[in-house]
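Tertiary structure, described
If you want the building blocks of each chain, they are given just below.
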Amino acid sequence: MFIADIRKEFYEVVANQRVALLVAADIDALCACKILQALFHCDQVQYTLVPVTGWQDLGTAFLEHKEQFRYFVLINCGANVDLLEMLQPDDDSIFFICDTHRPVDVVNVYNDTQIKLLIKQDDDLGVPTYDDIFRDEDDEEGGDSGNESDEGSEPSGKRRRFDEGAVERRIERQRAKREWEARRREILFDYEQYEYHGTSAAMMFFELAWVLTKDTKDMLWWAVIGLTDQWYFKAYFSRTNHSCFFYVTDIATMQRHVSRHNHRNEDEENSLSIDCMRISFEYDLRLTLYQHWSLYESICNSCYTSCHFKLWTLNGQKKLQEFLADMGLPLKQVRQKFNSMDMSIKENLREVIEESSNKYGMKDIRIQTFGVHFGFKNRFLASDMVHATAALLESTEKDESDSDNFIKALDSLSRSNLDRLHSGIDQAKKKLIAVQQTVASCICTNLILSQGPFLYCYLMEGTPDVKLFSKPMALTLLCKYLLKAFVHSTRNKRCKLLPLIMAAPKDVEKGTVIVVGIPPESETSDKKNFFGRAFEKAAESTSSRTLHDHFDTSIIELKTEDRSKFLDALITLLS
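Residues numbered from 1 in each chain as written. Predicted model: local features only at pLDDT ≥ 70, side-chain atom pairs only at ≥ 80, totals over all residues. Heavy atoms only, no water.

The name that an unreviewed UniProt entry assigns to the protein is Cell division cycle 45, with the source organism given as Dicentrarchus labrax. On record in UniProt, under Subcellular location (unreviewed entry), the comment for the protein is "Nucleus". Recorded in UniProt under Sequence similarities (unreviewed entry), the annotation for the protein is "Belongs to the CDC45 family." (UniProt positions renumbered as here; feature names shortened; annotations may be inferred.)

Pasting the structure below:
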């Protein structure tokens, strides 16, 4: 059931209770969690935080906590499956679900006792009507049994005629039922065939904080990071319109909140103190982490510039040198850390880069974004935070558990933990270099194969940094970068319109691979992801040993030896 008043129907209900927070391992969920934690601290609400990485984790976490808790808050997990069927909870357990995954399972939508959905209904959800998908069994069966018990007193001829009438009515009902079931299957298929994402969970909880008049600048910054994560790393589209309409609307909402907070704090004494925090809405460069790197390395490892110049070719490297010369920036300045560049160069750097970029066909080098200043020294863009937090969340540097990485990533979002954030930025740089090198290697060695209805690439065991790409977010980032690079480098027009499936070794000992599917790169194509349903059908038809454990249905694990038959089934299915 959708909640209309998030304050009354959610917050006031849980404010005097003990709550279990089950939080998915993604950036938006972390930001939403930080906002909710801050609200709970304000009102002294007792809660237990449990990170969950997949459906098995979610089931285990529920089993461990169902005796102690009645109220469960699920962040970015639980909406796109029949949760009651999966968890089999007691009748008094209540689940509040704030999840960006779409489509929302219809049973969750129409259950008005245990499932409470913290989801905006203006997200163009397209949920089928109740009568189209649910039918009362009593109405179907009733009608004959009562009459037949009185038949003994009737003459035999009359009874036969009555029987014929009853049989005809039963046949008619069965035919109507078959037609209704066929229509139901069609409606559900249309509703469930694509996977996409809705409004950021962090934004939902920030709006709750605003309604409660407890919103702070920190909460606003977390909401901005959650929104940025949706745009950079997820398919953020409405059901019927794959333009960025909802993103633009949400950006405008955040911009109003930023103006309100900045205006409110203008007269405060600490507005120029070392502890101050200033959020700004601005146009900035589409160069990843450039303020924490050298400009040269950022240009080389940013997806937008690397793909445009085709930096994996000699010609591309030449073009880059020409581009730098056109800007008139000395190589010595470009290759040193951004913070160490001459102030005279930094002052008008954005304008210089934008002017040269336009000459080289990069007309979208400037994008709308949010930035933050912590005190005088530390400045970050929202995208910097997303990259750094993602690197910490999927860190492979030490053999630490997923829960340890989750806590570190959560800590990095607090401005009191800037050391951890800088550590995340360093790891994010290594990850981007690994992505760029892997993309160059895949394109130069022709590892991307056209399989008919889709493109396919498999990273072999022994590939440099292959361990890094056993993680879902890292592999998805590589997948998107690789598809963009391939579209820029291929001359085959048909291939430019194809989606990409990528596989990488997950666990060598268990003999499993992780498989990710993403929609086509082309601007004319629909960006919704249909691979979730396709993976299920292909696994079912070939009895492939797969694990559909990820909250994103387009990411699965597969036994290495079943890879070829699974792919063959996918080709047949999608052709």
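Having seen the structure, we can now continue with the description.
Take a positive patch on the surface next. A cluster of basic residues, K310, K319, R491, K493 and K496, forms a positive patch at the surface. Along the chain, K496 turns up in the loop between α22 (472-489) and β13 (500-507). On the basis of relative accessibility, which here comes to 30%, the residue K496 falls in the partly exposed class. (Patch = residues over 30% accessible without salt bridge, like charges linked within 9 Å, V, L, I, M, F, W, Y side chains within 5 Å. Areas by Shrake-Rupley, 256 points an atom, 1.4 Å probe, with all protein chains shown as cover. Salt bridge = Lys/Arg side-chain N within 4 Å of Asp/Glu carboxyl O. Lys, Arg positive; Asp, Glu negative; His and termini not counted. Charge placed at Lys NZ, Arg CZ, Asp CG, Glu CD. Helix = DSSP H or I, 4+ residues; strand = E, 2+ residues; numbered from the N terminus. Buried < 20%, exposed > 50% of the residue type's maximum accessible area, 1.4 Å probe, protein only.)

Moving on to the sheet that holds strand β15 (residues 546-547). Strand order in the open sheet made by the six strands is β11-β12-β13-β14-β16-β15, with mixed pairing throughout. Of all the strands in the sheet, the pair left with one neighbour each is β11 (449-450) and β15. Bridge count between β11 and strand β12 (residues 455-458): two bridges; the pairing is antiparallel. Residue pairing across strands places S450 opposite L455, the latter belonging to β12. Across the sheet, helix α24 (residues 563-574) lies against β12, β13, β14 (512-518), β15 and β16 (555-559), angled at about 130 degrees from β16, the strand it touches most. (Pairing = 2+ DSSP bridges. Contact = heavy atoms within 4.5 Å. Axes fitted to C-alpha atoms, helices over the stretch in contact; angles between N-to-C directions.)

By the burial criterion, the buried members of helix α3 (residues 55-65) are W55, L58, G59, A61, F62 and H65. End-on, the buried residues of α3 take up no more than an arc of 165 degrees, which puts them together on one face. Exposed residues pointing more than 90 degrees away from the buried face of α3 are listed as L63 and E64. Along its buried surface, α3 packs onto β1 (19-24), β2 (47-52), β3 (71-75), α4 (83-87) and β4 (94-98). (Arc of directions from axis to C-beta.)

For the structure shown, the criterion picks out 23 aromatic pairs. A centroid spacing of 5.3 Å and a plane angle of 90 degrees characterise the contact between Y290 and F338, whose relative ring orientation is edge-to-face. Here F338 lies in the loop between α16 (331-335) and α17 (343-347) and Y290 lies in the loop between β8 (277-285) and α13 (295-301), a separation of 48 residues in the sequence. Of the two residues, Y290 and F338, both sit in the buried class. Look at F323 and Y360: their rings are 5.5 Å apart centre to centre, the planes differ by 85 degrees, and that puts the pair in the edge-to-face class. (Phe/Tyr/Trp six-rings, centres within 6.5 Å; stacked < 30°, edge-to-face > 60°.)

Moving on, we get to the packing of helix α15 (residues 314-327) against helix α18 (residues 349-359). Close contact between α15 and α18 brings their axes to 9 Å; oriented N to C, the two are set at 130 degrees. One finds that α15 runs oblique with respect to α18. At the point where α15 passes α18, the crossing takes the right-handed sense. Contacts between α15 and α18 involve F323, D326 and M327 from the former and V352, I353, S356, S357 and K359 from the latter. (Parallel < 35°, antiparallel > 145°, perpendicular 65-115°, else oblique. Left-handed = near helix turned anticlockwise from the far one by under 90°.)

Another point: the environment of A428. Counting through the fold element by element, A428 comes out in helix α21 (residues 418-444). For the pair A428 and H387, spaced 41 residues apart in sequence, the C-alpha to C-alpha distance is 5.8 Å. Apart from the residues within four sequence positions on either side, A428 is in contact with L289, H387, A388 and A391.

What follows concerns the environment of M341. The topology assignment puts M341 in the loop between α16 and α17. On the accessibility criterion, M341 (3% relative accessible area) is buried. Spatially, the C-alpha atoms of M341 and L295 are 9.5 Å apart, while their sequence positions differ by 46 residues. Every residue in contact with M341, bar those within four places of it in the chain, is listed here: Q333, Q336, K346 and L349.

So, about helix α2 (residues 27-42). Residues spaced three or four apart along an α-helix face the same direction, because each turn holds 3.6 residues. End to end, α2 covers 23 Å across 16 residues, agreeing with the expected 22 Å (1.5 Å per residue, within 8%). For α2, a buried count of 13 out of 16 residues is recorded, marking the element as mostly surrounded by other parts of the structure. Its side-chain oxygen placed 3.1 Å from the backbone nitrogen of D28, D26 serves as the N-cap of α2. Positive phi appears at Q44, one or two residues downstream of α2, with a value of about 55 degrees. (Expected span 1.5 Å × (residues − 1). Polar contact = N/O pair within 3.5 Å; in protein donor to acceptor, adjacent residues only side chain to side chain.)

Moving on, we come to a negative patch on the surface. On the surface, a cluster of negative charge is made up of E67, D90, D91 and D92. Following the sequence through the fold, E67 ends up in the loop between α3 and β3.

F10, I75, F95, F205 and W221 are the most contacted members of the largest nonpolar core, which totals 139 residues. Discounting residues that sit within four places of it in the chain, W221 has contacts with M277, I279, F370, G371, V372, F374, F380, L381, A382 and M385. Listed in part, the 24 residues of the second largest apolar core include L285, L295, Y296 and M341. (Core = buried A, V, L, I, M, F, W, Y, C linked by side-chain atoms within 4.5 Å.)

For β14, a buried count of seven out of seven residues is recorded, marking the element as mostly surrounded by other parts of the structure. Residues T512, I514, V516 and I518 point to one face of β14 and V513, V515 and G517 to the other, with burial holding for every one of them. Hairpin remark: β13 followed by β14, antiparallel, with four residues in the connecting loop; positive phi at G511, about 70 degrees. Where β14 lies against β16, five bridges are found, and the strand directions are antiparallel. Bridge assignment links I514 to a residue of β16, and that residue is E557.

With that settled, consider the layout of surface pockets. Put simply, the second largest pocket is a space of about 590 Å³. If you trace the second largest pocket, you find 22 residues lining it, with Q291, F338, N339, K346 and R379 closest to the centre. Of all the secondary structure elements, the ones that give two or more residues to the lining of the second largest pocket are α17, α18, β10 (378-381) and α21. By residue number, the principal contributor to the lining of the second largest pocket is α21, which donates four residues. (1 Å grid on protein atoms, 1.4 Å probe; cavity = no way out; pocket = protein on both sides within 12 Å on 5 of 7 lines; lining within 4 Å. Points joined across faces, edges and corners; volume = space filled by probe spheres on them.)

A few words now on the pairing of β3. On any regular strand, side chains alternate: one points to one face of the sheet, the next to the other face. Within β3, five of the five residues are buried, which leaves it mostly tucked inside the rest of the structure. Where burial is concerned, the two faces of β3 agree: the one with Y71, V73 and I75 and the one with F72 and L74 are both buried. The pairing of β3 with β4 spans five bridges and is classified as parallel. For V73, the partnering residue across the bridge sits in β4 and is F96.

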